[in-house]
Amino acid sequence: MYRNVLLGGEPGSGKSVALGNIVSHAALCTDVDLVLIDGKLVELLPYAPIAKEFVGNNITQALKVLRGLQAEMDNRYLHLAQTSRKKITPKDGYRATLLAIDELAYFSVTVGTPEQQKEFVTLVRDLVARGRAAGIIVVAATQRPSADIVPTTLRDLFSYRLAFRCTTDSSSDIILGTGWAKEGYSAKQISPDALGVGLLLAEGGIPRRIKSAFLTDPHVHKLVRRAAHLRRAA
Ligand SMILES: Nc1ncnc2c1ncn2[C@@H]1O[C@H](COP(=O)(O)OP(=O)(O)O)[C@@H](O)[C@H]1O
Ligand SMILES: [Mg+2]
């Protein structure tokens, strides 16, 4: 569970579908709380009935939810400090939290005041930097995470990168990290008809070609009903 993931790629390349795969998996894990922030509103909305928090295209609400998560993280670290440990385990009685953000750039550059955008980035950066050991995991999707959109101090904290089709080698490198295109790993080589295909880079490894599972709306609705049932039973 301790894996923060950044997903990038051009519009229509498969980011939201892949993000949905991760959220779907967590939805069926009854010991995980879902905190969902979706700049486009409609991608993660189907999961709203089972989410602890759901925020659409509203930065004021997003900031409120992120501040709450940060406070929770601080509490958890206090608990760890008091019990002389470094990492939350299921025995602590804390639930894992998946923070999923679709269209990160909407909140970091598009909507709200510059102060709000700055606070959004600062809160997400803190959650990515310190959340793991406290059981708070961040998975975020954005088109092109270049420095003007996602500050490198935030981007570089994600240890797992998933690059869907890009128009240039440099865009691919921005997602996977500098130098991979030169080594032959570029998401520019993914053909436009290879829907849902991306290059996944895991901490310390080399990028691997993967394909997400395409879930139709009826699939997702069925899955959410099942997750709601499992969660009630748990
Ligand atoms: N794994 C997949 N298999 C088949 N089609 C896919 C897959 N992933 C994405 N697609 C197709 O591509 C479209 C765009 O995907 P989406 O995830 O919404 O892109 P993005 O979020 O990058 O803009 C989807 O509506 C779907 O038709
Ligand atoms: Mg999308």
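The notes below deal with the structure included here. Computed from a predicted model, the values in this text were never measured in an experiment.

What counts, and at which threshold
- Residues numbered from 1 in each chain as written.
- Chains lettered and ligands numbered in written order.
- Predicted model: local features only at pLDDT ≥ 70, side-chain atom pairs only at ≥ 80, totals over all residues.
- Heavy atoms only, no water.
- Core = buried A, V, L, I, M, F, W, Y, C linked by side-chain atoms within 4.5 Å.
- Buried < 20%, exposed > 50% of the residue type's maximum accessible area, 1.4 Å probe, protein only.
- Helix = DSSP H or I, 4+ residues; strand = E, 2+ residues; numbered from the N terminus.
- Salt bridge = Lys/Arg side-chain N within 4 Å of Asp/Glu carboxyl O.
- Pairing = 2+ DSSP bridges.

Ile37, Leu66, Leu99, Ile101, Phe120, Leu127 and Leu154 are the most contacted members of the largest nonpolar core, which has 28 residues in total. Counting residues per element, this core draws most heavily on helix H2 (residues 59-82), at 7 residues. If you look at the next biggest cluster of nonpolar residues, it comprises 26 residues, including Leu7, Tyr47, Ala100 and Leu223.

What the rule picks out here adds up to 10 salt bridges. Residues aspartate 33 and arginine 95 are paired through a salt bridge, measuring 2.8 Å at the closest nitrogen-oxygen approach. Within this pair, whereas aspartate 33 is found in strand S2 (residues 32-38), its partner arginine 95 is found in the loop between H2 and strand S4 (96-102), the two being separated by 62 residues in sequence. Under the relative-accessibility criterion, aspartate 33 is labelled buried at 13%. Among the ionic contacts, a cluster of salt bridges with common partners joins Asp74, Asp126 and Arg130.

Even without a glycine there, the phi angle at serine 84 is positive, about 50°. Position of serine 84 among the secondary structure elements: in the loop between H2 and S4. For glutamate 103, which is not a glycine, the phi torsion comes out positive at approximately 60°. Structurally, the position occupied by glutamate 103 is in the loop between S4 and helix H3 (104-110).

On to the pairing of S2. Across the 7 residues that make up S2, a large majority, 7, are buried. Residues Val32, Leu34, Leu36 and Asp38 point to one face of S2 and Asp33, Val35 and Ile37 to the other, with burial holding for every one of them. Strand direction decides the pairing type here: S2 and S4, joined by 7 bridges, are parallel. Within S4, the position partnered with valine 32 by the bridge is alanine 96.

Functional significance is not addressed by these values, which are geometric in nature.
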